[in-house]
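# Structure at a glance
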Amino acid sequence: MSRPALKLRSWPLTVLYYLLPFGALRPLSRVGWRPVSRVALYKSVPTRLLSRAWGRLNQVELPHWLRRPVYSLYIWTFGVNMKEAAVEDLHHYRNLSEFFRRKLKPQARPVCGLHSVISPSDGKILNFGQVKNCEVEQVKGVTYSLESFLGPRTSTDDLPFPPATPCGSFRNQLVTREGNELYHCVIYLAPGDYHCFHSPTDWTVSHRRHFPGSLMSVNPGMARWIKELFCHNERVVLTGDWKHGFFSLTAVGATNVGSIRIYFDRDLHTNSPRYSKGSYNDFSFVTHANKEGIPMRKGEHLGEFNLGSTIVLIFEAPKDFNFKLKAGQKIRFGEALGSL
């Protein structure tokens, strides 16, 4: 392509190309101009910067008289059920951040005791099933690499990961017990959902891996549009063991959800201004004083998002493990995901 053509291949023209009536900029093709793809255009948006700005706006204390109209608009827009909130009085929430992270009444989400794995959050089931060929479906028909999502394996003794190996061996070494399979479940939290997440089972968290990545939207439409979306976005991977072997819970960030908080992890800081693409930070909860890690009980508070995002569970279980789900169904924290 000639230099003039390269100069014409600019973001402003691309934006106009998608906004103006079809064919309006077609004459530019005669000099070699082509629009940038929609995916590339969207990826160029500074979502991390916008998310930090949104986070600061959320911390601004609203005047007492403004709280009810602002929160009422949000409730109407996203269908929030305030009757479940521990505090129903809208004037109680000083800023948007407090409103997003509102707690529920104790009886609002009973924890199912009959099934071994429960939903860690409110949300929508995007996908679930066995992990095959080291690929996991983010939505039906769109996959991402298991190794890209969890990150390269480290041979450190205190990590529940095997060393880096070919794909088949990578999956097989996550499965620590003969006769077990590897399963996954993806739950999307909409802006109107309860934003805290809980332990989905009785397990021990031994390791945290933080990927400071992009903060693109993770709504189902975007997940169908961008391959390996969950591998691009900022995420916090908690790994450990439950009674059937390997277990992991990953909190995936999204636009305006740069803040991912894990209650027992004070060293975790998400949505930092600067990061290296593809980098990650490891932290072990196994120490000389604590040789097992962080024990979590089913239903125990684990962490929270701001606004909405995605939870991904990847775990091993016997071959007769069955999900009690349908793709696309709404689910609430405490309801059954599956059992033996």
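On a predicted model such as this, the values are computed, not experimentally measured, just so you know. (Residues numbered from 1 in each chain as written. Predicted model: local features only at pLDDT ≥ 70, side-chain atom pairs only at ≥ 80, totals over all residues. Heavy atoms only, no water.)

A few words now on the pairing of strand 13 (residues 301–305). Across the five residues that make up strand 13, a large majority, four, are buried. As paired strands, strand 6 (residues 196–198) and strand 13 are joined by three bridges and run antiparallel to one another. Across the sheet, the residue bridging to C196 is E304, located in strand 13. In the sheet, strand 10 (residues 260–262) pairs with strand 13 via three bridges, with the strands oriented antiparallel. In the sheet register, R261 faces strand 13, and the bridge partner there is E304. (Buried < 20%, exposed > 50% of the residue type's maximum accessible area, 1.4 Å probe, protein only. Helix = DSSP H or I, 4+ residues; strand = E, 2+ residues; numbered from the N terminus. Pairing = 2+ DSSP bridges.)

Moving on: the UniProt feature "modified residue: Pyruvic acid (Ser)" (unreviewed entry) in the chain. Mapped onto the present numbering, the UniProt feature "modified residue: Pyruvic acid (Ser)" (unreviewed entry) falls at S309. Structurally, the position occupied by S309 is in the loop between strand 13 and strand 14 (310–318). Accessibility expressed as a relative area gives 0% for S309, which makes it buried. (UniProt positions renumbered as here; feature names shortened; annotations may be inferred.)

Under the UniProt annotation, "active site" (unreviewed entry) lies at D122, H198 and S309. The greatest C-alpha distance among the annotated residues, which extend across 188 residues, is 14.2 Å, indicating that they converge on a single site. By secondary structure assignment, the location of D122 is in the loop between strand 1 (117–118) and strand 2 (123–130). By relative accessible area, which is 5% here, D122 ends up buried. Setting aside anything within four residues of it in sequence, one finds D122 in contact with R109, I187, Y188, L189, D193, Y194, I331, R332 and F333. Here the side chain of D122 touches R109 through a polar contact of 2.6 Å, side chain to side chain. Secondary-structure assignment places H198 in strand 6. According to the relative accessible area criterion, H198 is buried, its value standing at 2%. (Contact = heavy atoms within 4.5 Å. Polar contact = N/O pair within 3.5 Å; in protein donor to acceptor, adjacent residues only side chain to side chain.)

Once that is clear, we can look at the sheet that holds strand 10. Spatially, 6-13-10 is the arrangement adopted by the three strands of the open sheet, whose pairing is antiparallel. For this open sheet the edge positions go to strand 6 and strand 10, each flanked by a neighbour on one side alone. Taking each pair of neighbouring strands and ignoring which way they run, the sheet shows an average axis angle of 20 degrees. (Axes fitted to C-alpha atoms, helices over the stretch in contact; angles between N-to-C directions.)

Ranked by size, the top nonpolar core spans 31 residues in total, and within it F197, W203, L238, I311, L313, F315 and L337 carry the most contacts. No other element matches strand 14, which puts four residues into this core. In contact with L238, other than residues within four places in its own chain, are W203, V205, H207, R208, F247, S248, L249, I262, F264, F285 and L302. Counting 21 residues, the second largest nonpolar core, distinct from the first, contains L126, F149, F170 and F246. (Core = buried A, V, L, I, M, F, W, Y, C linked by side-chain atoms within 4.5 Å.)

Our focus in this paragraph is the environment of D267. Structurally, the position occupied by D267 is in the loop between strand 10 and strand 11 (281–284). Placed 16 residues apart in sequence, D267 and F283 show a C-alpha to C-alpha distance of 8.8 Å. Residues within four places of D267 in sequence aside, it is in contact with R208 and F283.

This next bit is on the packing of aromatic side chains. In this structure the tally under the stated criterion is 22 aromatic pairs. Taken together, a centroid distance of 5.5 Å and an interplanar angle of 65 degrees make the contact between W242 and F247 edge-to-face. Judged by relative accessible area, which is 5%, W242 ranks as buried. Following the ring pairs from residue to residue traces out a cluster consisting of F128, Y183, W203, W242, F247, F315, F321 and F323. (Phe/Tyr/Trp six-rings, centres within 6.5 Å; stacked < 30°, edge-to-face > 60°.)

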